[in-house]
Amino acid sequence: MKRLESQPLRLIALAILLACCNAYAEDDSIVTDRPDFVESSDVVGRGKMQIETSISMENNKDSGVEDRTYTTPTLIRAGLTDTLELRMETDGHVVQHTTIGGVTETESGYSDIALGVKWHFTDGDARTHSPSTAWLLHVDLDTGTRQFSGNGIRPSLRFVAEWEVSDVIACGVMPGVMYDNNDRHHFISGILAGTCGKQFTPALRGFVELAGQQLASKDDGGNIVTADTGVTWLLSKSVQLDASVQRGLTNESPDWNVALGFSMKF
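Residues numbered from 1 in each chain as written. Predicted model: local features only at pLDDT ≥ 70, side-chain atom pairs only at ≥ 80, totals over all residues. Heavy atoms only, no water.

A closer look at the overall build of the protein chain
Reasoning step 1: If you tally the helices and strands in the protein chain, you get one helix and 15 strands.
Reasoning step 2: In the protein chain, buried positions account for 39% of the 266 residues.
Reasoning step 3: Sequence separation of at least 24 residues holds for 52% of the intrachain contacts in the protein chain that already meet a minimum separation of 6.
Reasoning step 4: As displayed, the protein chain offers around 14,200 Å² of accessible surface, 60% of which is attributable to carbon and sulfur atoms. (Helix = DSSP H or I, 4+ residues; strand = E, 2+ residues; numbered from the N terminus. Buried < 20%, exposed > 50% of the residue type's maximum accessible area, 1.4 Å probe, protein only. Contact = heavy atoms within 4.5 Å. Areas by Shrake-Rupley, 256 points an atom, 1.4 Å probe, with all protein chains shown as cover.)

Here we look at the pattern of salt bridges
Reasoning step 1: Tallied over the entire structure, the rule returns 15 salt bridges.
Reasoning step 2: Close ionic contact of R158 with E39 constitutes a salt bridge, the shortest N to O distance being 2.8 Å. With R158 in strand 9 (residues 154-164) and E39 in the loop between helix 1 (2-21) and strand 1 (49-62), this pair connects stretches of sequence that are 119 residues apart. Per residue, the accessibility class of R158 equals that of E39, and both read buried.
Reasoning step 3: Between E252 and K218 there is a salt bridge, and its shortest N-O distance comes to 2.9 Å. Pair noted here: E252 is in the loop between strand 14 (239-248) and strand 15 (256-265) and K218 is in the loop between strand 12 (204-215) and strand 13 (224-236), with a separation of 34 residues, a long-range link.
Reasoning step 4: Among the charged side chains, a network of salt bridges with common partners joins D33, E39, E52, R77, E85, R87, K118 and R158. (Salt bridge = Lys/Arg side-chain N within 4 Å of Asp/Glu carboxyl O.)

Notes on the side chain of S40
Reasoning step 1: Assignment of secondary structure puts S40 in the loop between helix 1 and strand 1.
Reasoning step 2: When near neighbours in sequence (up to four residues on either side) are disregarded, S40 contacts V31, T32, D33, R77, K118, V160 and E162.

Considerations on the state of the cysteines
Reasoning step 1: Tallying each qualifying case throughout the model produces one disulfide.
Reasoning step 2: The partner cysteine of C171 in its disulfide is C196, sulfur to sulfur 2.1 Å. What sets the handedness of the C171 and C196 disulfide is the S-S torsion sign, and at about 105° it is right-handed. Taken together, the positions of C171 in strand 10 (residues 169-181) and C196 in strand 11 (residues 186-199) put the pair 25 residues apart, joining distant regions of the chain. (Disulfide = S-S within 2.5 Å.)

Below is the structure:
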């Protein structure tokens, strides 16, 4: 795992040094869609670009089989207008260790790429308790290595609503649907997640979340539901670090997922 872990860390360290030299050159602070599952309702803005990446480790044990999977989830966001952005998302490079009866086998490759758009629909108003909202349309493409790729083109539609509960607390919900495909047929799965975050200091924020990442019948992969928590640390108006932990709540969900992330706005 040395090569997988060290190269992203070197790039992150270099980007931090560059960003801190120009820490407050931007007029608007970075707002990310990670590390929680619920997306933000904000877009990056006209002519802006944002990269959100991480190193993630997922662990799962089931019927004597243990899987430990390392990925590099990455989201690239490019602002077309002040309310519309283009998006490209992937879990990146994948390394999976499978242990059965004390014998471990390793597979590696690349995950699928998803292309999409986010439309910031309405601004929120704390006085009237109206939320800030957005629509997200994504299409997952079977571009990955065979063992880590889905089947065909899988579109999804999500809606995000965020409320400013107080000066330091905000909550959001994200329902959605995905048109998926397995080896037998096409099917529709649901998405439903809610999150609440608290601003501890101007730079430090924490969140808790309940995320139904996939709601489907057992034949179509079952319900993947997780309880998540994490923190974000704003190094400057354009650079953010984060850490998060997910705990699976259903048999179909991975047992644990931990991630360290880095985001930068240009």
